[in-house]
Amino acid sequence: MSIASPGGQNPSYDELLVKFNELLEKNRQLEEQLAAPATTSTKDEPVAASITAPAEFVETLTRLLMKIAMIIQAEKALYMTYDRRTDELVAREPAFGIPGEYLADIRLSAKQGLASETFRAGEPRIWKTPNEAPVLAQFGARNGLIVPLDVEHKDDNGRVVEARRVGLLLVFNKRFGGQFVPEDVKLLAMLSRQAAAVLAQARMFEEIIEEKERYEATFESVSVGLLMVQNDGIVSEINASARRIFHLENGSDGAGHPFDAIITDPAALSIMKSALSGEEGMAEITANLGDEGDQRPTIFRMQAAQIHGQDRQPAGAVAVFSDITDVRNAERSKTSFIDAAAHDLRNPMAAIKGFAETLLSDPDEDMFTKEDRQEFLGIIAKSCKRQLGMISDLLNIAKIDAGKALDLHLAPVRVGEIVEDVVRLDQENTSLHTYQVDIDPAAPPVIADEVKVDRMITNLVTNARKYSPDGGEIHISVKYIPDGEKVQVAVADQGLGIPKDQLPRMFGKFSRVKAKGFENIPGTGLGLSMVKNLVELHGGRIWVESEYGKGSTFTFQLPVHGPKTEQ
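Small disclaimer: the values here were computed from a predicted structure and weren't measured.

Participant: What is the right way to read the overall build of the protein chain from this model?
Facilitator: What the protein chain contains, in helices and strands, is 13 helices and 19 strands. By the burial criterion, 44% of the 567 residues in the protein chain qualify as buried. Accessible surface, the protein chain: about 30,700 Å² in total, of which carbon and sulfur atoms supply 51%.

Participant: Got a minute to help me understand the sheet that holds strand S5 (residues 125-127) in this structure?
Facilitator: By way of backbone hydrogen bonds, the strands of a sheet pair with one another, either parallel or antiparallel. Taken in spatial order, the 6 strands of this open sheet run S4-S3-S2-S7-S6-S5, and their pairing is antiparallel. Of all strands in the sheet, those bounded by a partner on one side alone are strand S4 (107-109) and S5. Adjacent strand axes in the sheet meet at a mean angle of 30° when their direction is disregarded. Sheet topology note: the strand S2 (residues 74-83)/strand S3 (residues 88-91) ladder contains 4 bridges and is antiparallel. Bridge pairing links Thr-81 to Val-90 in S3. Along the sheet, helix H4 (residues 114-121) makes contact with S2, S3, S4, S5, strand S6 (144-154) and strand S7 (160-174), crossing S7 at roughly 160°.

Participant: What's the story with the pattern of salt bridges in this structure? I'm lost.
Facilitator: Where charged atoms from two side chains of opposite charge approach closely, those side chains can pair. Scanning all chains against the criterion turns up 19 salt bridges. Asp-83 is paired through a salt bridge with Arg-85; the nearest N and O atoms lie 3.4 Å apart. We classify Asp-83 as buried; its relative accessible area is 9%. On the basis of relative accessible area, Arg-85 is assigned to the exposed category, the value being 76%. Shared partners join several salt bridges into a network, and the residues in it are Asp-83, Arg-85, Glu-88 and Arg-107.

Participant: Before we go on, may I ask you to explain the sheet that holds strand S14 (residues 433-439) in this structure?
Facilitator: With mixed pairing, the 5 strands of this open sheet are ordered in space as S14-S16-S17-S19-S18. Each edge of the open sheet carries a strand with a single partner, namely S14 and strand S18 (541-547). Across the sheet, the axes of successive neighbouring strands diverge by a mean angle of 10°, strand direction being ignored. Pairing analysis gives 7 bridges linking S14 to strand S16 (residues 472-481), with the strands arranged parallel. Paired with Thr-434 across the strands is Glu-473, a residue of S16.

Participant: I tried to follow the side chain of Lys-174 on my own but got confused; where do I start?
Facilitator: One can find Lys-174 in strand S7. You can call Lys-174 buried: its relative accessible area is 10%. In terms of polar contacts, Lys-174 uses its side chain to reach the backbone carbonyl oxygen of Ile-72, at 3.0 Å. Ignoring any residue separated from it by four or fewer positions in sequence, one finds Lys-174 in contact with Ile-72, Gln-73, Arg-142, Asn-143, Gln-179, Phe-180 and Asp-184.

Participant: Just to check I follow, could you spell out helix H13 (residues 527-537) for this structure?
Facilitator: Residue pairs spaced three or four apart in an α-helix point in one direction, given the helix's 3.6 residues per turn. Of all the residues in H13, the buried ones are Leu-528, Ser-529, Met-530, Val-531, Leu-534 and Val-535. Positive backbone phi, approximately 85°, marks Gly-539, located one or two places after H13.

Participant: Explain the environment of Gln-303 to me, please; I cannot follow it from the model alone.
Facilitator: Within the fold, Gln-303 resides in strand S11 (residues 296-308). A C-alpha to C-alpha distance of 6.8 Å links Gln-303 and Ala-283, two positions 20 residues apart in sequence.

Participant: Looking at this model, I keep getting lost on the packing of aromatic side chains. Mind explaining?
Facilitator: Two numbers describe a pair of aromatic rings. These are the distance of the centres and the angle of the planes. Counted according to the given criterion, the structure contains 7 aromatic pairs. Taken together through their ring pairs, the aromatic side chains of Phe-355, Phe-368 and Phe-376 make up a single cluster.

Participant: Looking at this structure, I do not really get unusual backbone geometry. What am I missing?
Facilitator: Glycine aside, negative phi is the norm for most residues, and most peptide bonds take the trans geometry. In the segment running from Glu-93 into Pro-94, the intervening peptide bond is cis, with an omega of -5°. Here Pro-94 lies in the loop between S3 and helix H3 (100-103). One non-glycine residue, Phe-176, adopts positive backbone phi at about 60°. Take Phe-176: it is sitting in the loop between S7 and helix H6 (182-221). Using a relative accessible area of 79% as the deciding quantity, one classes Phe-176 as exposed.

Participant: Looking at this structure, I do not really get the nonpolar core. What am I missing?
Facilitator: As a rule of thumb, nonpolar side chains are buried together in soluble globular proteins. Formed by 43 residues in total, the largest nonpolar core has its most connected members in Val-415, Ile-457, Ile-476, Val-491 and Phe-556. Of all elements in the fold, only helix H11 (415-426), strand S15 (446-449), helix H12 (450-466), S16, strand S17 (486-492), H13, S18 and strand S19 (551-559) reach the threshold of two or more residues within this core. The dominant element in this core, judged by the number of residues it contributes, is H12, at 6 residues. Contacts of Val-415, omitting those with residues within four sequence positions, involve Val-446, Ile-457, Val-478, Val-487 and Val-489. Membership of the second largest hydrophobic core comes to 26 residues, among which are Ala-242, Ile-271, Phe-300 and Met-302.

Participant: Explanation requested: the side chain of Ser-116 in the structure shown.
Facilitator: Looking at the secondary structure, you find Ser-116 in helix H4. If we skip the residues at most four places from it in the chain, Ser-116 touches Leu-89, Ser-109, Ala-110 and Lys-111.

Participant: Please explain the packing of H11 against H12 as it appears in this structure.
Facilitator: To describe two helices that pack against each other, one gives the angle between their axes and the distance between the axes. Relative to each other, H11 and H12 sit at 45°, their axes nearing to 10 Å. With respect to their mutual orientation, H11 and H12 come out oblique. Crossing angle aside, the handedness with which H11 passes H12 is right-handed. Between H11 and H12, the contacting residues are Val-415, Ile-418, Val-419, Val-422 and Asp-426 on the first element and Glu-450, Val-453, Asp-454, Ile-457, Thr-458, Val-461, Thr-462 and Arg-465 on the second. Split into classes, the residues belonging to the contact of H11 with H12 amount to 7 nonpolar, 2 polar and 4 charged.

Participant: Before we go on, may I ask you to explain the pairing of S3 in this structure?
Facilitator: Sheet faces and side chains relate simply in a regular strand, where the side chains alternate between the two faces. The antiparallel pairing of S2 with S3 creates a hairpin that spans 4 residues between the two strands, and Asp-87 there sits at a positive phi of about 55°. With 3 bridges joining them, S3 and S4 adopt antiparallel strand pairing. The residue bridging Val-90 from the neighbouring strand is Arg-107, located in S4.

Participant: I tried to follow the packing of H12 against H13 on my own but got confused; where do I start?
Facilitator: In the contact formed by H12 and H13, the axes pass within 10 Å of each other and the chain directions differ by 145°. Crossing geometry of H12 relative to H13 is assigned as left-handed. Taken together, the residues of H13 that come into contact with H12 (itself represented by Lys-452, Arg-455, Met-456, Asn-459, Leu-460 and Asn-463) are Gly-527, Leu-528, Met-530, Val-531, Leu-534 and Val-535. Residues that form the contact of H12 with H13 fall into these classes: 7 nonpolar, 3 polar and 2 charged.

Participant: Mind showing me how you'd approach the environment of Asn-239 here?
Facilitator: Here Asn-239 shows up in the loop between strand S9 (235-238) and helix H7 (240-245). For Asn-239, a relative accessible area of 0% translates into the label buried. Residues Asn-239 and Val-222 lie 17 residues apart in sequence; the distance between their C-alpha atoms is 8.1 Å. Sequence-distant contacts of Asn-239, that is, excluding residues within four places in its chain, are made with Phe-219, Glu-220, Val-222, Val-224, Gly-225 and Leu-226. For Asn-239, the side chain forms a polar contact with the main-chain nitrogen of Leu-226, separated by 3.0 Å.

Quick notes on the rules
- Residues numbered from 1 in each chain as written.
- Predicted model: local features only at pLDDT ≥ 70, side-chain atom pairs only at ≥ 80, totals over all residues.
- Heavy atoms only, no water.
- Helix = DSSP H or I, 4+ residues; strand = E, 2+ residues; numbered from the N terminus.
- Buried < 20%, exposed > 50% of the residue type's maximum accessible area, 1.4 Å probe, protein only.
- Areas by Shrake-Rupley, 256 points an atom, 1.4 Å probe, with all protein chains shown as cover.
- Pairing = 2+ DSSP bridges.
- Axes fitted to C-alpha atoms, helices over the stretch in contact; angles between N-to-C directions.
- Contact = heavy atoms within 4.5 Å.
- Salt bridge = Lys/Arg side-chain N within 4 Å of Asp/Glu carboxyl O.
- Polar contact = N/O pair within 3.5 Å; in protein donor to acceptor, adjacent residues only side chain to side chain.
- Phe/Tyr/Trp six-rings, centres within 6.5 Å; stacked < 30°, edge-to-face > 60°.
- Core = buried A, V, L, I, M, F, W, Y, C linked by side-chain atoms within 4.5 Å.
- Parallel < 35°, antiparallel > 145°, perpendicular 65-115°, else oblique.
- Left-handed = near helix turned anticlockwise from the far one by under 90°.
- Nonpolar A, V, L, I, M, F, W, Y, C, P; charged D, E, K, R; others polar.

Here is the structure:
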């Protein structure tokens, strides 16, 4: 089958359709091979048995190997095929006289040893002692005989026109304590010629089944939803991802039902009907996925196209459902980020502009006292510092996104002093909060970038204040951890807290808490992502503990001796 690719779609969709076409065509070929009767035979030379269905494998091959062992007077018999991936000869089920659970361990090198010589040169080999075949001796082989398995194709005159080596036939342990002799070699070589076609046919069936199972597993496990509909509107194929989207119960996979009994979204129904008529289409649908009581809306892009058979006639339609929830969330986060960044940058600019104009309106310096002027200049300086800090954060994030390493200007840094400076500035922004600072006198200086450590602590303290809109205590501690020689900083608040299910993504870019109380708190969703990157850049780690409605504690550790450098 082939699927006409919708014009103007993105390459990933085109590639997916090509892969899907290949999958369907391969699956069809495998089903035809499985359904086709076995006809391997040669003129004037009988084939020992014929296999017409996979269910006959074990019974037919067991009988064949048992007869061969009885004729040769051997206690055990098995056959091996060549594995190109590992360059080994591998024992296949079934065997006579060897339990099936042991066969997986019988693997012989195709490069050296008795088996290799027979497989490469085609010469039968006899071994008389266990030392000559130590691998087989593990399975009770005292002596044995190996002959090649060659599938021969003959012309109408009985001449061999092609021979293909498919493996080896082995018999072990001559009965009554005897040894294999040259007459046994001739007899087994004759039997192997008759058995080769049957054994090769059995292996072909196994490979077809294995390959079909691999393709079905691929179809079933692919992350996008796939739905295939026949011309009459009946669903012929639907994978696990699509079944989850349409909430199909485990007892029903949806195949064999009309597609409009499965798809309920009006836009999706319209696209599917159009695809059956030969018109490609695309729509976005939303499905609630997850366990009952914990479902979340998930956005899917549905793309549908008509499919054609080998005769190029319409054979139905296929729909592909791709999860684009993260893309849409990122777009919304980007919009929110632009709004928040503009807001955060505008506020300090307004303060700078306002107080600068106030000072300019008093050229004679007689309207304001010296103290007033100093206060105005201090506000301008603080606003500039705040704005530069935000710009620095944005530049750092941009560098990280571009895969560029941030420059570190390492020097001994007293973290406690930075904490005190940050608290002194931050407490001027609130009258609702109290700050408690505990600094371990044993905490040594750390080798770090002072500016970046300041940004880490400033972000965490600012967040503690912002997300405690009703006030409360903000507790900042600096502690020395002798085990590993680290300095630990913890910032705890009594604010809104974070829902448990959102904690794992708190350090993601554009990540913002979605819960009651957070709606009107401005922010870009970049601060914690940047803090995490800066902490890890210093060779440290950061984590959060929180209880929704009671507050959060953000903690990070920095190594005293600085980040490890490449030698």
